[in-house]
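A structural walkthrough
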Amino acid sequence: MNKLDLIRKSKSLFMKWNLHHIAGSLEGGLLNLAYMSKLSKWRNDNAVTGYNDWYQQSWDYSRRINLYKSVLEKQGLAQVPIDYIEFGVSSGSSFRWWLQHQQHEASNFFGFDTFEGLPEAFGPFGKGEMAASLESIGVTDPRATFYKGLFQDTLIPFLDQYKSENRKLIHMDADLFSATIFALSQLYRFLNDGDIIMFDEFAVPTHEFRAFQIFADSFYINYEVIAAANNYLFLAVKIRKD
Ligand SMILES: C[S@@+](CC[C@H](N)C(=O)[O-])C[C@H]1O[C@@H](n2cnc3c(N)ncnc32)[C@H](O)[C@@H]1O
């Protein structure tokens, strides 16, 4: 038996003997280790050209505001009309920040969420956690529109009528691998040079990082890392098409 036949045979036997019963218990840990290693290498290979607070001894969620300010000011987003598209609005904390700090009257703000919480578990958070009703957000700015439901149901109809005219600032804050890879892959055909994608949980290896890495590798995305905060938990990349 040659080497290729041996590999094929071992795969068939793995399935024939249902070895997932044994190996399955290691799956989560091994996947986490593999993506932690990929994340560490990715950090080493990708220089951050703008704001970066690496390395911090302690974790502070409020540091994401430093990243927002840096993206707004350094990327010249304050004075031009933009399309801000947020995936994962929850109680609207980040959404309101961008509404308040990006004042151009021709800007559009689109927010997507179930508004009924996470559709599946995320680490210690169970399905349904992070729920905040659309009414409780208290946004009255006429530039804002919300889309209630799973991204998997709301995004395609939205994109069918979306006119991509303004520079885009896309905010991925849905935490989950499934939600992030779905949204990124649907947005792919609308991405232009200079569009920015921000991540709120980038340093969670098997979720937002895994989704971005698979997306960037599979769609051959060129990008520049323009900002990182809180030891890469918050990240911003700029799409490069030159
Ligand atoms: C971390 S919270 C968002 C936090 C918010 N940006 C803030 O600053 O307060 C994540 C949100 O993503 C939403 N979400 C995750 N996956 C989703 C999906 N597939 N479709 C719709 N909403 C989703 C959840 O409902 C949850 O409200």
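Thresholds, definitions, all that
Residues numbered from 1 in each chain as written. Predicted model: local features only at pLDDT ≥ 70, side-chain atom pairs only at ≥ 80, totals over all residues. Heavy atoms only, no water. Domains from an automatic or database assignment. Contact = heavy atoms within 4.5 Å. Buried area = accessible area lost by both parts, 1.4 Å probe. Polar contact = N/O pair within 3.5 Å; in protein donor to acceptor, adjacent residues only side chain to side chain. Nonpolar A, V, L, I, M, F, W, Y, C, P; charged D, E, K, R; others polar. Phe/Tyr/Trp six-rings, centres within 6.5 Å; stacked < 30°, edge-to-face > 60°. Helix = DSSP H or I, 4+ residues; strand = E, 2+ residues; numbered from the N terminus. Buried < 20%, exposed > 50% of the residue type's maximum accessible area, 1.4 Å probe, protein only.

Description of the domain arrangement of the chain
According to the domain assignment, the chain consists of domain 1 (3-36) and domain 2 (48-239). Relative placement of domain 1 and domain 2: their C-alpha centres are 35 Å apart. On the side of domain 2, six residues touch domain 1, which itself brings four residues to the contact. Looking at the side of domain 1 facing domain 2, the largest losses of area belong to Leu31, Asn32 and Tyr35, adding up to 89% of the total buried there. Linking domain 1 to domain 2 there are zero residue pairs in polar contact (both at pLDDT 80 or more). Across the side of domain 1 that touches domain 2, the residue classes tally to three nonpolar, one polar and no charged.

Comments concerning the packing of aromatic side chains
The final tally for this structure, using the stated rule, is 35 aromatic pairs. Aromatic pair Tyr68 and Trp98: ring centres 5.4 Å apart, planes at 50 degrees, arrangement tilted. Residue Tyr68 is found in helix H3 (residues 64-74), and its partner Trp98 is found in helix H4 (residues 93-101); the two are separated by 30 residues along the sequence. Between Phe87 and Phe112 the ring centres are 5.1 Å apart and the planes differ by 15 degrees, which places this aromatic pair in the stacked class.

Remarks on helix H7 (residues 205-218)
In terms of residue burial, H7 counts as a mostly covered element, since eleven of its 14 residues are buried. Residues of H7 that are buried: Pro205, Thr206, His207, Glu208, Phe209, Arg210, Ala211, Phe212, Gln213, Phe215 and Ala216. In this structure, the buried residues of H7 make contact with helix H2 (20-45), strand E4 (167-172), helix H6 (177-187), strand E5 (196-199), strand E6 (223-229) and strand E7 (234-239). Where H7 ends, the next residue or the one after it, Tyr220, has phi of about 50 degrees, a positive value.

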